[in-house]
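Here is what each chain is made of, one letter per residue.
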Amino acid sequence: MPDAAMRAEGLLLRMIKTFKTEAFATITPDAVTFASVLNCLAKSRSVRNKAEKCSSILKAMIDLHEEDGGIDTTPNIICYNTVLNACAFSAQSGEEERRNALKVAVETFNDMRQGKYVSPDAVSYGNMLKCCANLMPPGEQRNGMASRLFTSCCDAGLVGGMCLDEIRRCLPPR
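Residues numbered from 1 in each chain as written. Predicted model: local features only at pLDDT ≥ 70, side-chain atom pairs only at ≥ 80, totals over all residues. Heavy atoms only, no water.

*Asks:* Hey, could you go over the overall build of the protein chain for me, with residue numbers and the actual values?
*Replies:* For the protein chain, the count of helices and strands is eight helices and zero strands. Expressed as a percentage of its 174 residues, the buried residues of the protein chain come to 44%. Excluding contacts between residues fewer than 6 apart, the proportion of contacts in the protein chain whose partners are at least 24 apart in sequence is 66%. Accessible surface, the protein chain as shown: approximately 9400 Å² in total, 54% of it carbon and sulfur. Here the protein chain contributes 21 positively and 20 negatively charged side chains, and the mean placements of these two sets differ by 7 Å. (Helix = DSSP H or I, 4+ residues; strand = E, 2+ residues; numbered from the N terminus. Buried < 20%, exposed > 50% of the residue type's maximum accessible area, 1.4 Å probe, protein only. Contact = heavy atoms within 4.5 Å. Areas by Shrake-Rupley, 256 points an atom, 1.4 Å probe, with all protein chains shown as cover. Lys, Arg positive; Asp, Glu negative; His and termini not counted. Charge placed at Lys NZ, Arg CZ, Asp CG, Glu CD.)

See below:
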């Protein structure tokens, strides 16, 4: 259904509001709830600005976790990688949305590198390389960013098939 992602987001926002305002709320959002909504938004073809929407949902998750301190609301690697995936698949949008998606991807990846909740894994690096390939025009800037990402991935010992596939898409054969 074309409006499924927006309905899922609406349900999540309602769950958060209920959790914060009702002392005996019986339905509480957890990492699985957040990851499911993020995935729904990331894969939607009808949602505009999905990178920014996913980023704001991740921030809402972080805020909720910092308020209640519950282990169930701790942001996990799946949530962060899903935000990066939403960014990578914002390529069909206009130029401004692609720029915004790249900005969200860089901010999200940098948050991961700081390691407060998670650290980048092989999928994170692959998604960032996919962001470079999909959101940046070919040229020196893209080559430089992709090369730095790949070097960092190698240094971390996280090179996998996805990283190799995406670095081939990012860099010219030379």
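Still more ground to cover, so stick around.
*Asks:* Could you give an account of helix 3 (residues 50–68), with specific residues and numbers?
*Replies:* A rise of 1.5 Å per residue sets the reference length of helix 3, with its 19 residues, at 27 Å; its end C-alpha atoms lie 27 Å apart and thus fit the reference within 8%. Within the span of helix 3, buried status applies to Lys50, Ala51, Cys54, Ser55, Ile57, Leu58, Met61, Ile62, Leu64 and His65. Looking at the buried positions of helix 3, the neighbouring elements they touch are helix 1 (4–21), helix 2 (31–43), helix 4 (77–88) and helix 5 (95–114). Residue Gly69 follows helix 3 closely and has a positive phi angle near 70 degrees. (Expected span 1.5 Å × (residues − 1).)

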